[in-house]
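Chain and residue survey
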Amino acid sequence: MHTKTMEGLVGAKTNMDLLQTPFRVFKDARRRGDQATMERAMDYVSQFSDKAEEYQSKAEEGMKEDAREASEKAELEQEKAIRRRKEEREEQEKRAEEKKASEMDGKNTDTVEISADGKVLLKGDPGSDQAVSEDGAPDRAVLEPVNKREPVIYTKTAEAGGTQNLIGTGISVSV
């Protein structure tokens, strides 16, 4: 709150409170019929009333200044937000260009290595001598066709969990 606003509100309230005393004196003098005291009391009432109006106008000026400062602050915040978004967008564009350039250079590319078992499965050659387990016996998992295997569900620790009956479950995708 602006100081003018606070000063105006306090001054107006104080003068309105002070106005009650001479007004009470005026009422008492009217009952007694004392014309001179009534005039003096009304003069004080008028003075306090004028001061209260002055403070009220001061409070209004302060509120206008508060509103103006608030709107200026809001404009500055909005400009900062626009500037920040523009900088973020420029950074994103810069990163996208760097990524595109690095992809063209072949730097940040991933490579995939296929194991011997995987190569056997890709070739579809179950009679290969690579389809042998560590003890020298034919590896049934490698020799068995992929589509005849039971589905396996893996746990969070990357261990093969038990197979579950997945009959009746499937994925349906429509575009």
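The structure this text deals with has already been given above.
Residues numbered from 1 in each chain as written. Predicted model: local features only at pLDDT ≥ 70, side-chain atom pairs only at ≥ 80, totals over all residues. Heavy atoms only, no water.

Comments concerning the overall build of the protein chain
Scanning the protein chain from terminus to terminus reveals 4 helices and 0 strands. The order of helices and strands in the protein chain, counted from the N terminus, is α-α-α-α. Going through the 175 residues of the protein chain one by one, you find that 14% of them count as buried. Long-range contacts, defined here as pairs at least 24 residues apart, represent 47% of the contacts in the protein chain between residues at least 6 apart. Carbon and sulfur atoms form 51% of the exposed surface of the protein chain, whose accessible area is close to 15000 Å². (Helix = DSSP H or I, 4+ residues; strand = E, 2+ residues; numbered from the N terminus. Buried < 20%, exposed > 50% of the residue type's maximum accessible area, 1.4 Å probe, protein only. Contact = heavy atoms within 4.5 Å. Areas by Shrake-Rupley, 256 points an atom, 1.4 Å probe, with all protein chains shown as cover.)

What to know about a negative patch on the surface
Together, Glu87, Glu88, Glu90, Glu93, Glu97 and Glu98 make up a negatively charged patch on the protein surface. Position of Glu93 relative to the elements: it lies in helix 2 (residues 35–105). (Patch = residues over 30% accessible without salt bridge, like charges linked within 9 Å, V, L, I, M, F, W, Y side chains within 5 Å. Salt bridge = Lys/Arg side-chain N within 4 Å of Asp/Glu carboxyl O. Lys, Arg positive; Asp, Glu negative; His and termini not counted. Charge placed at Lys NZ, Arg CZ, Asp CG, Glu CD.)

A short note on helix 1 (residues 3–32)
With 30 residues, helix 1 should reach 44 Å at 1.5 Å per residue; the first-to-last C-alpha distance of 44 Å fits that figure. Buried within helix 1 we find Thr5, Gly8, Gly11, Ala12, Asn15, Leu19, Pro22, Phe26 and Ala29. Two residues or fewer past helix 1, Gly33 is found with a positive phi of approximately 85°. (Expected span 1.5 Å × (residues − 1).)

Some points on the pattern of salt bridges
With the rule as written, the count across this model stands at 8 salt bridges. Across the pair Asp28 and Arg32 runs a salt bridge, and its minimum N-O distance is 3.6 Å. Of this pair, Asp28 and Arg32 both sit in helix 1, 4 residues apart, which is roughly one turn of the helix. Owing to a relative accessible area of 55%, Arg32 belongs among the exposed residues under this scheme. Put simply, Glu72 and Arg68 hold a salt bridge, and the shortest N to O gap is 3.6 Å.

Some remarks on the packing of aromatic side chains
Any pair of aromatic rings gets described here by the distance separating the centres and the angle formed by the planes. The full count for this structure, using the stated rule, is 1 aromatic pair. Between Phe23 and Phe26, the aromatic rings sit 6.1 Å apart at their centres with planes inclined by 25°, giving stacked as the arrangement. Of this pair, Phe23 and Phe26 both sit in helix 1, 3 residues apart, which is roughly one turn of that helix. (Phe/Tyr/Trp six-rings, centres within 6.5 Å; stacked < 30°, edge-to-face > 60°.)

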